[in-house]
Amino acid sequence: MSKPRIQLIILACFFVFAMLLVGCHDPITSKIAGTWEIQKAGRLGKRINQDQEKSDSRMRIVFQANGGLVTQTSIGEIQGKKSGAWKLVSFDEETGQMVLSCDLGSGEVRTGIEFVDADTIRLVPPNMAGTKSKLRFVRVK
């Protein structure tokens, strides 16, 4: 093999290795990747814990770019953290509707997400898949 051909092969291998380390930027999954916190958590906390005067409720969902998923809930007596995985099923750019497959250890659930804007979504949280109420989440900066 000639020296230029070997250099080309080495360069190609380096490029592939670099892409594996850095990962490819996917503009669709980057729309959801990040940390999201429930908007108006106090209202949800009062609805669940009606006897409480003060509500320091919090619900957070983290869609990691690598497919990891973490949910954290702190609403009165309800305290929990779950970890799992997510993957993109579909996204309709025109309507702003996304569907994810989420697994938090108790089986796969499909989660529909409505993008209100780039930093606001409406969804039934994957850790509350048994309910029908969509909640509004905002991206944590």
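Within each chain, residues carry numbers counting from 1 in the order of the written sequence. Per-residue local features are limited, in this predicted model, to residues with pLDDT of at least 70; the limit for side-chain atom pairs, both in listing and counting, is 80 or more; totals at the level of whole chains, interfaces and linings are taken over all residues. Hydrogen atoms and water are omitted, and side-chain values are computed over all heavy atoms in the structure.

## Focus on the sheet that holds strand S7 (residues 120-123)
Selection rule: One bridge is not enough; two strands pair if DSSP finds at least two bridges between them. Elements are defined by DSSP. Helices are runs of H or I of four residues or more, strands are runs of E of two residues or more, and each kind is numbered from the N terminus. For helices, the fitted axis covers only the stretch in contact; all axes are lines through C-alpha atoms, and the angles between them, taken along N-to-C directions, range from 0 to 180 degrees.
Ordered by their spatial adjacency, eight strands build a closed barrel running S1-S2-S3-S4-S5-S6-S7-S8, and the pairing between neighbours is antiparallel. For this sheet, the mean inter-axis angle between neighbouring strands, taken without regard to orientation, is 35°. With four bridges joining them, strand S1 (residues 34-38) and strand S2 (residues 58-63) adopt antiparallel strand pairing. Looking at the pairing, Glu37 lines up with Arg60 of S2.

## Brief notes about the pattern of salt bridges
Put simply, the test is: When a carboxyl oxygen of Asp or Glu is within 4 Å of a side-chain nitrogen of Lys or Arg, the pair counts as a salt bridge.
Under the definition given, this model contains six salt bridges. A salt bridge links Lys31 to Glu93, with the shortest nitrogen-to-oxygen separation between them at 3.8 Å. Here the residue Lys31 occupies a position in helix H2 (residues 29-32), and Glu93 occupies one in the loop between strand S4 (78-92) and strand S5 (97-103), the gap between them amounting to 62 residues. The partner of Arg122 in a salt bridge is Glu114, and the shortest N-O contact between them spans 3.1 Å.

## As for the nonpolar core
This is how it is decided: We call a set of buried residues a nonpolar core when its members are Ala, Val, Leu, Ile, Met, Phe, Trp, Tyr or Cys and they connect through side-chain atoms within 4.5 Å of each other. Relative accessibility thresholds used throughout: buried, under 20% of the residue-type maximum; exposed, over 50%; partly exposed, between the two (1.4 Å probe, protein chains only). Residue contacts are defined here by distance: any two heavy atoms, one from each residue, within 4.5 Å place the two residues in contact.
Of all hydrophobic cores here, the largest spans 19 residues; its most connected members are Ile32, Phe63, Leu100, Ile113, Ile121 and Phe137. At the level of elements, S1, S2, strand S3 (68-75), S5, strand S6 (108-117), S7 and strand S8 (135-139) are the ones that each hand at least two residues to this core. Once residues within four sequence positions are removed from consideration, Leu100 is found in contact with Ile32, Phe63, Trp86, Lys87, Leu88, Val89, Val109, Arg110, Thr111 and Ile113.

## Describing the side chain of Thr71
Examined against the element boundaries, Thr71 turns out to sit in strand S3. If sequence neighbours within four positions are ignored, Thr71 has contacts with Arg60, Ile61, Gly80, Lys81, Lys82, Leu104, Pro126 and Asn127.

## A word on the confidence of the model for the chain
Worth spelling out the cut-off: Every residue carries a pLDDT, the predictor's confidence in it, which falls somewhere between 0 and 100.
On average, residues of the chain score 81 in pLDDT, and 77% of them are at 70 or above. Looking at the elements of the chain, mean pLDDT is at its lowest for helix H3 (residues 41-48), recorded as 53, and at its highest for S5, recorded as 97. Scored below 50 in pLDDT, residues 16-23 makes two contacts in the model with residues more than four places away or belonging to other chains.

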